[in-house]
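Geometric and topological summary
These are the residues of each chain, in order.
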Amino acid sequence: MLNFLIYGPIFTKFGRRLPCANRNRCTYLFRSYDATVGRHIELSNITNFPTSRVGRRLTPSSRNLVGGFPALNQNRYVNECSISNGGCQDQCCNTIGSFYCKCSSGQKLGSDGKSCEDVNECAIVNGGCQQACINTAESFHCECDVGYRLHTDGRTCINIDECRLGTAMCAHRCVNMLGSFRCTCNPGFELGADGKQCYHTDECETGEACCSQFCKNYPGGYECSCKAGFILNPDGCGCDDIDECLTESAGCSHECHNTQGSFECSCYEEFRLDFDRKTCILCLDNSFGSDCSLTCEDCVNGGVCNEKGNGCDCPAGWTGSICNETCPTGTYGRECSKSCKCENGGTCDPTTGVCHCPPGITGNFCENDEWSKNVQGRMLKECCISNGQLRAPGNFSEVHRDCGKG
């Protein structure tokens with residue numbers, strides 16, 4: 001839309017002062033304001049135009065061209081914004097022959113061209129905010145979650161290191177995390193319900209300690225220890241037996257026998273332990289035994305006092321300090337010094353050495369195996385021993401022989 005204005009020799013809002021020798025007959029400049037492009041356009045020069053027409057606005061009804069130029073009427077210039085702000089809610093912008101409404105930053109013009117509506121900047125890519133976008137009248141702002149702070153750009157959120165700033169208030173240790181933090185306690189302490197304070201725990205009392213014998217608790221931890229005769233294992237928990245017999249700490253005169261957590265000393269024949277249970281002293285008054293508590297009157301099974309009177313002489317087949325033990329299997333005779341020669345599972349008499357053969361075996365030394373001489377004997381030899389009988393397998397279900405009979 002073109003609105004025409006004639007400028008005269010006086011200074012106007014949209015014109016400029018032009019040289020004119022005769023105020024009644026002067027050359028004037030036509031200018032127009034084009035609202036579509038937002039600028040003034042020079043149209044033509046007009047001469048011999050009455051000065052009374054200067055500053056008048058051309059209405060649409062008077063825009064017919066006369067002699068190549070627009071015809072002019074005497075309607076005066078109107079500022080629509082001066083009346084009720086042109087109906088605009090916010091800003092009214094007057095133009096040559098018209099006006100338009102405008103809204104402040106953060107608002108947009110309504111469909112009626114006059115009212116203003118708030119622009120929700122958060123609706124588009126979250127307003128550029130990294131976390132929370134808060135829309136406000138005519139504007140918006142970004143906010144961050146707990147544990148973050150807003151960067152100087154007003155959009156980015158940066159993690160807050162509560163541990164470094166000292167705002168965590170952890171009693172012992174602080175571990176920073178994204179958007180938060182976590183308190184931890186030193187060994188021997190446990191975290192309180194508030195998640196910050198640390199309280200001492202008695203591992204010995206709660207059973208958390210690994211000690212196998214003794215446990216000593218102290219603030220922040222515990223310590224294991226062992227009974228006498230044991231040493232703490234390198235793992236700090238278990239207790240290992242000390243073999244005192246491998247060291248000089250035992251102090252036994254003759255023999256040392258290690259036990260769990262301790263040791264025992266013993267003496268050779270004809271000696272006994274003294275009151276310190278380590279030193280060995282000679283038995284007196286015809287006494288004998290490991291503790292000198294035996295005499296010849298204690299000899300049994302035909303045993304008699306020896307020539308020195310400090311022990312028993314045992315008959316064949318018997319042994320021990322007072323002849324109360326038979327010869328070990330495979331030996332016989334005096335002092336059990338002879339070896340048995342029985343074969344095929346035969347056992348010898350501890351006194352005479354005579355062999356006692358199992359069923360089916362004969363000979364002085366049980367060297368003859370009669371069962372192996374025939375088929376039935378060989379099969380019977382493979383029988384199972386059950387309820388004191390030999391029971392033949394297979395077809396020999398009726399064959400029975402007492403195990404104790406030849």
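Residues numbered from 1 in each chain as written. Predicted model: local features only at pLDDT ≥ 70, side-chain atom pairs only at ≥ 80, totals over all residues. Heavy atoms only, no water.

**A short note on the overall build of the protein chain**
Scanning the protein chain for helices and strands turns up 3 helices and 38 strands. Evaluated residue by residue, the protein chain yields a buried proportion of 29% over its 406 residues. The contacts of the protein chain with a sequence gap of at least 6 include a subset with a gap of at least 24, amounting to 20%. For the protein chain, the accessible area works out to roughly 25700 Å², and carbon and sulfur atoms hold 50% of it. (Helix = DSSP H or I, 4+ residues; strand = E, 2+ residues; numbered from the N terminus. Buried < 20%, exposed > 50% of the residue type's maximum accessible area, 1.4 Å probe, protein only. Contact = heavy atoms within 4.5 Å. Areas by Shrake-Rupley, 256 points an atom, 1.4 Å probe, with all protein chains shown as cover.)

**Some thoughts on the state of the cysteines**
This structure, assessed with the given rule, holds 24 disulfides. The disulfide that involves Cys314 links it to Cys323, with 1.9 Å between the sulfurs. Since a negative S-S torsion denotes a left-handed disulfide, the Cys314-Cys323 link at about -95 degrees is left-handed. On the accessibility criterion, Cys314 (11% relative accessible area) is buried. Left unpaired, Cys93 is separated from the closest cysteine sulfur, that of Cys81, by 6.6 Å. (Disulfide = S-S within 2.5 Å.)

**Regarding unusual backbone geometry**
Residues other than glycine seldom take positive phi values, yet Arg277 does so here, at roughly 60 degrees. Positive phi outside glycine occurs at Cys366, with the angle close to 60 degrees. Topologically, Cys366 is positioned in the loop between β34 (361-362) and β35 (368-369).

**Observations regarding the pairing of strand β14 (residues 173-177)**
Pairing geometry for β14 and strand β15 (residues 180-184), over 5 bridges, is antiparallel. Each residue of the ladder has a partner; that of Asn176, found in β15, is Phe181. The loop that links β14 with its antiparallel partner β15 comprises 2 residues; one of these, Gly179, has a positive phi angle of about 80 degrees. (Pairing = 2+ DSSP bridges.)

**Considering the pairing of strand β22 (residues 255-259)**
In this sheet, strand β23 (residues 262-266) lies alongside β22 in antiparallel orientation, the contact comprising 5 bridges. In the sheet register, Asn258 faces β23, and the bridge partner there is Phe263.

**Some thoughts on the confidence of the model for the protein chain**
Averaged over all residues, the pLDDT of the protein chain equals 77, while 72% of them reach at least 70. For the stretch residues 1-74, pLDDT sits under 50, and the model shows 154 contacts to residues farther than four places along the chain or on other chains. (pLDDT = per-residue confidence, 0-100.)

**Details of the UniProt feature "domain: EGF-like" (unreviewed entry) in the protein chain**
Mapped onto this numbering, the UniProt entry gives "domain: EGF-like" (unreviewed entry) at residues 159-199, 288-324 and 332-367. Overall, residues 288-324 shows 0% helix and 16% strand. The separation of its end C-alpha atoms is 15 Å. (UniProt positions renumbered as here; feature names shortened; annotations may be inferred.)

**Focus on the environment of Pro219**
Along the chain, the position of Pro219 falls in the loop between β18 (214-218) and β19 (221-225). Taking the C-alpha atoms as reference points, Pro219 and Tyr199, 20 residues apart in sequence, are found 9.5 Å from one another. Those residues within four positions of Pro219 in sequence are excluded, and the remaining contacts are Phe189 and His200.

**Things to note about the side chain of Thr95**
With respect to the helices, strands and loops of the structure, Thr95 is situated in strand β6 (residues 91-95). A distance of 3.3 Å separates a polar side-chain atom of Thr95 from the backbone nitrogen of Phe99. (Polar contact = N/O pair within 3.5 Å; in protein donor to acceptor, adjacent residues only side chain to side chain.)

**Here we look at the environment of Thr326**
Relative to the helices and strands, Thr326 is located in strand β29 (residues 325-326). What makes Thr326 partly exposed here is its relative accessible area of 47%. Along the backbone, Thr326 and Pro350 are 24 residues apart, and their C-alpha atoms lie at a distance of 7.1 Å. Residues contacting Thr326, with those up to four places away along its chain left out, are Gly317, Trp318 and Thr319.

**Quick word on the environment of Leu246**
In this fold, Leu246 is placed in the loop between β21 (239-241) and β22. Linking Leu246 and Cys256, residues 10 residues apart in sequence, is a C-alpha distance of 9.1 Å.

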